[in-house]
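Okay, here's what each chain looks like letter by letter:
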Amino acid sequence: MRESMEFDVVIVGAGPSGLAAACKLMQQANEAQRALTVCIVEKGSEVGAHILSGAIIEPKAINELFPNWQEMGAPLNTPVTEDQLFMFLNEQKSIQFPNLCVPKTMHNQGNYIASLGNVCRWLAEQAEQLGVEIFPGFAASEILYHEDGSVKGIATGDMGISEYGQQKDSYMQGMELHAKYTLFAEGCRGHLGKSLYKQFDLDAKSDEQHYGLGIKELWDIPADKHQPGLVIHGSGWPLGKGTSGGFFLYHTENNQVVAGLIVDLSYQNPYLSPFDEFQRLKHHPVLKQYLEGGRRISYGARAITKGGFNALPKMTFPGGLLIGCNSGTLNFAKIKGTHTAMKSGMLAAEAVFEAINNGCEGRKELMDFDNRFKSSWLYEELKQSRNFGPAMHKFGTMLGGTFNFIDQNIFGGKLPFTLHDNKPDYAQLKSIHDYDTIEYPKPDGKLSFDKLSSVFLSNTNHEENQPCHLKLTDLQIPISYNFPAFLEPAQRYCPAGVYEVIEEETGPKFQINSQNCLHCKTCDIKDPSQNITWITPEGGGGPNYPNM
Amino acid sequence: MKILVTVKRVIDYNVKARVKADNSDVDLANTKMALNPFCEIAVEEAIRLKESGAATEVVVVSIGPKACQEQIRTSLALGADRGIQIETDTMPESLNAAKLLAKVVEAEQPGLIIMGKQAIDSDNNQTGQMLAALLDMPQGTFASKVELIGEKVHVTREVDGGLQTIALNMPAIVTTDLRLNEPRYASLPNIMKAKRKPLVVQTPVDLGVEMKTHTQLVKVEAPTERQAGIKVNSIEELIEKLQNEAKVI
Ligand SMILES: Cc1cc2nc3c(=O)[nH]c(=O)nc-3n(C[C@H](O)[C@H](O)[C@H](O)COP(=O)(O)OP(=O)(O)OC[C@H]3O[C@@H](n4cnc5c(N)ncnc54)[C@H](O)[C@@H]3O)c2cc1C
Ligand code: SF4
């Protein structure tokens with residue numbers, strides 16, 4: 001029998017949604033002078049270690065949670081001073097849009113450029129001071145159910161198991177954490193979230209979810225090139241026809257900039273490598289002018305959930321809720337998910353606290369959440385942006401962009417119809433016979449780099465002697481089907497070089513270098529055969545991002 | 001018997017150290033910090049001795065800014081009983097650390113002091129030795145095995161080409177090597193309990209130690225980057241390059 005601990009609320013994941021929920025729960029409890037036990041488990045070695053975002057943060061949610069966050073020292077130090085939007089025509093040329101032509105949702109006055117990792121570290125300090133127990137280095141690996149089918153809590157993974165499943169010297173059995181309510185705040189494509197969707201059929205009434213892969217680097221640049229508060233967005237080159245996505249470059253504090261590319265995972269060309277697209281993107285004069293002479297400090301990648309309003313699942317089920325990007329609360333018209341994730345956590349916290357305060361012992365489904373959600377600014381905001389993503393998918397970046405301009409600026413997102421996009425991303429990939437190979441330029445070691453030296457900068461590490469956390473349902477598929485049809489695309493979409501097909505005398509062999517994994521979840525999303533399942537490795541493993 | 005264990009907060013071994021632009025030091029802003037791995041082994045060894053009944057109490061001490069309380073809490077979660085933080089603004093140089101620790105030893109009177117052989121940030125490998133000298137105590141460095149036999153502690157040391165076992169009178173100082181043990185993970189209930197275990201804060205002034213500066217950090221440089229390799233087409237070309245470009249033959 002595993003040991004167990006009892007809490008009022010257990011939260012899985014210390015991202016903005018989980019931390020905001022925890023803070024809001026304790027604030028209410030302290031105000032009502034009621035004892036409440038809340039704990040958060042976080043798979044990263046510390047809070048923030050697995051957080052990778054842009055990030056331009058809209059302060060709407062944090063204003064509500066901590067109205068005096070400025071005096072409290074929240075690390076939102078760089079207000080946006082200038083917005084620039086580009087369309088890249090080729091590797092040299094680009095058009096800069098005049099401000100008037102930019103959809104309103106892409107304006108950033110009043111927002112802040114920040115490291116979401118650092119914001120989470122700060123939120124965790126506040127949560128601990130309010131009395132929340134935070135356990136970094138522990139992954140929730142399993143959902144526990146009551147006999148009546150309601151969620152009872154989670155179990156943390158066993159530690160100290162060898163590659164072949166034996167107990168090592170350091171073996172420690174996982175623990176059961178029981179709660180009246182469990183909040184799943186794992187972020188995009190949470191692995192427990194995925195099984196909750198199935199268990200409770202949460203997406204029965206919603207459109208297919210869509211995803212993007214964001215790859216990001218942090219750079220130190222020469223002081224004379226640094227313009228704190230400058231925000232640059234754009235799309236077009238190097239992404240070819242049939243591939244949508246966009247890049248960003250933000251000037252943060254301390255002579256640092258962040259640059260990144262988000263590639264929609266609905267892409268069709270099996271030869272596409274998001275990593276190499278990003279590497280060559282940095283040679284475009286618009287980015288190069290800032291990065292040249294600088295030094296790359298960190299690298300990482302993370303998927304984003306971008307289906308928006310139409311793809312939102314039911315967020316409640318007996319004994320728990322899905323919050324943040326685990327349910328897909330990101331506003332794709334703004335490419336912002338932080339304030340919405342936080343708000344969803346705060347709304348969940350209100351519903352949960354009210355129930356517990358009224359003597360509820362869990363097990364029930366918090367129907368009341370839906371009303372709170374529907375009467376919140378969060379709902380209104382997501383609804384207004386509902387056509388943005390599907391328009392881009394349907395009409396391409398140019399025409400879709402025009403549609404979005406009209407929809408967002410002239411009709412304020414209130415056009416009386418809704419666009420739907422119901423083909424899952426993994427089903428979009430086409431055969432290698434439909435495309436020519438893409439020749440990516442060799443990295444120059446100054447602006448562009450190879451995958452391995454990039455992964456090195458993510459500080460990722462997994463205890464080597466443990467079971468592989470990337471599970472293949474069918475061991476043969478990578479070579480028997482994915483290889484002939486798509487030249488096994490995992491070799492290219494994985495931003496960490498985890499998957500390799502090695503030519504051996506006996507024929508090609510599929511190899512998984514799981515210790516390089518960045519926990520971005522792309523393989524779980526994009527594998528055309530849906531044959532790869534990402535499960536939690538031993539807690540504490542994975543990237544150690546600094547201020548990402 | 002009481003065991004005193006020293007622990008240091010250092011940059012996490014998974015994190016790639018980065019030199020500051022002005023070469024003045026390693027840049028630790030926003031980097032993940034952790035318990036020095038050799039200190040973690042020291043804590044584990046002390047807890048095992050306590051579990052075996054050979055020791056009754058494990059006290060951990062750390063020197064540094066307030067943040068190092070995190071490493072003391074980690075040690076308490078692993079099973080140590082109480083903690084002492086000696087508050088300093090920066091990480092002290094080895095001799096100052098040894099002087100501060102000597103005062104703690106005088107006050108605590110432990111039967112055994114277990115330390116990491118070195119910290120992975122500065123790689124000095126000297127604080128244990130200095131402490132032994134200051135206290136005039138026997139020392140067993142680079143321990144790969146520690147046993148209490150009668151009134152003595154037997155320490156097996158990794159030396160060039162083999163193992164050496166020595167017996168020390170107690171109180172003694174032992175510094176740990178990598179193969180001494182495989183530290184356990186802290187369990188959730190123990191992490192919660194650790195938050196309530198006693199931790200006292202002292203200052204160098206409280207201990208009557210004057211922090212003198214003996215050494216000065218002049219410069220830190222990143223290793224020179226390796227040049228990319230080249231392919232040669234023939235043995236003649238290889239020899240030519242080795243002779244004229246690399247100038248090694
Ligand atoms: C490249 C990129 C750029 C972005 N730019 C912006 C931007 O400019 N502005 C903006 O507002 N948003 C931006 N976003 C989106 C934003 O980062 C997300 O919407 C937000 O982080 C979602 O918060 P969350 O709490 O739902 O999940 P996350 O931030 O993903 O946090 C989830 C946490 O849960 C942990 N976890 C997951 N599973 C488990 C488990 N089983 N057990 C224990 N712990 C677990 C994870 O380690 C992580 O710490 C960007 C995202 C990306 C990838
Ligand atoms: S293995 Fe999967 S989750 Fe890990 S980095 Fe690669 S694509 Fe991302």
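Residues numbered from 1 in each chain as written. Chains lettered and ligands numbered in written order. Predicted model: local features only at pLDDT ≥ 70, side-chain atom pairs only at ≥ 80, totals over all residues. Heavy atoms only, no water.

**Side note on the domain arrangement of chain A**
Residue and element names in this part refer to chain A.
- Each assigned domain of chain A is listed here: domain 1 (4-67 + 117-206 + 313-384), domain 2 (78-114 + 210-306), domain 3 (388-419) and domain 4 (426-434 + 450-534).
- At the interface, eleven residues of domain 1 touch eleven residues of domain 4.
- In this assembly, domain 1 packs against domain 4 so that about 980 Å² is buried in total across both faces, 48% of it on carbon and sulfur atoms.
- Contact with domain 4 buries surface across domain 1, with Lys 43, Glu 163 and Arg 189 losing the most and accounting together for 45% of the total. (Domains from an automatic or database assignment. Contact = heavy atoms within 4.5 Å. Buried area = accessible area lost by both parts, 1.4 Å probe.)

**Observations concerning the nonpolar core**
Residues and elements named next belong to chain A.
- Phe 88, Ile 232, Phe 247, Leu 287, Leu 291 and Tyr 499 are the most contacted members of the largest nonpolar core, which totals 77 residues.
- Broken down by element, the residue count for this core peaks at six residues, all from strand 17 (residues 256-264).
- Residues contacting Leu 291, with those up to four places away along its chain left out, are Trp 219, Ile 221, Leu 249, Val 257, Lys 282 and Leu 447.
- If you look at the next biggest cluster of nonpolar residues, it comprises 62 residues, including Ala 21, Ala 127, Met 315 and Ala 348. (Core = buried A, V, L, I, M, F, W, Y, C linked by side-chain atoms within 4.5 Å. Buried < 20%, exposed > 50% of the residue type's maximum accessible area, 1.4 Å probe, protein only. Helix = DSSP H or I, 4+ residues; strand = E, 2+ residues; numbered from the N terminus.)

**What to know about the site of ligand 2**
- Neighbouring ligand 2 are 14 residues; Cys 494, Cys 517, Cys 520, Lys 521 and Cys 523 of chain A lie closest to it.
- A breakdown of the residues in the shell around ligand 2 according to their chemical character gives eleven nonpolar, two polar and one charged. (Near = heavy atom within 4 Å. Nonpolar A, V, L, I, M, F, W, Y, C, P; charged D, E, K, R; others polar.)

**Considerations on the site of ligand 1**
Residue and element names in this part refer to chain A.
- Around ligand 1, a shell composed of 37 residues is seen, among which Ser 17, Glu 42, Ser 53, Ile 56 and Cys 325 lie nearest.
- Between ligand 1 and Cys 325 there is a distance of 2.8 Å, counted from an oxygen atom to a backbone nitrogen or oxygen.
- Between ligand 1 and the protein, one listed contact pairs an oxygen atom with a side-chain N or O atom of Thr 338 at 2.9 Å.
- In isolation ligand 1 offers 990 Å² of accessible surface; the protein chains occlude 97% of this area.
- Secondary structure elements with two or more residues in the shell around ligand 1: helix 1 (16-31), strand 2 (38-42), strand 16 (245-251), strand 18 (295-305) and helix 8 (338-357).
- Grouping the amino acids of the shell around ligand 1 by side-chain chemistry returns 20 nonpolar, twelve polar and five charged.
- Here the shell around ligand 1 spans two domains, since at least three of its residues come from each of domain 1 (4-67 + 117-206 + 313-384) and domain 2 (78-114 + 210-306). (Polar contact = N/O pair within 3.5 Å; in protein donor to acceptor, adjacent residues only side chain to side chain. Areas by Shrake-Rupley, 256 points an atom, 1.4 Å probe, with all protein chains shown as cover.)

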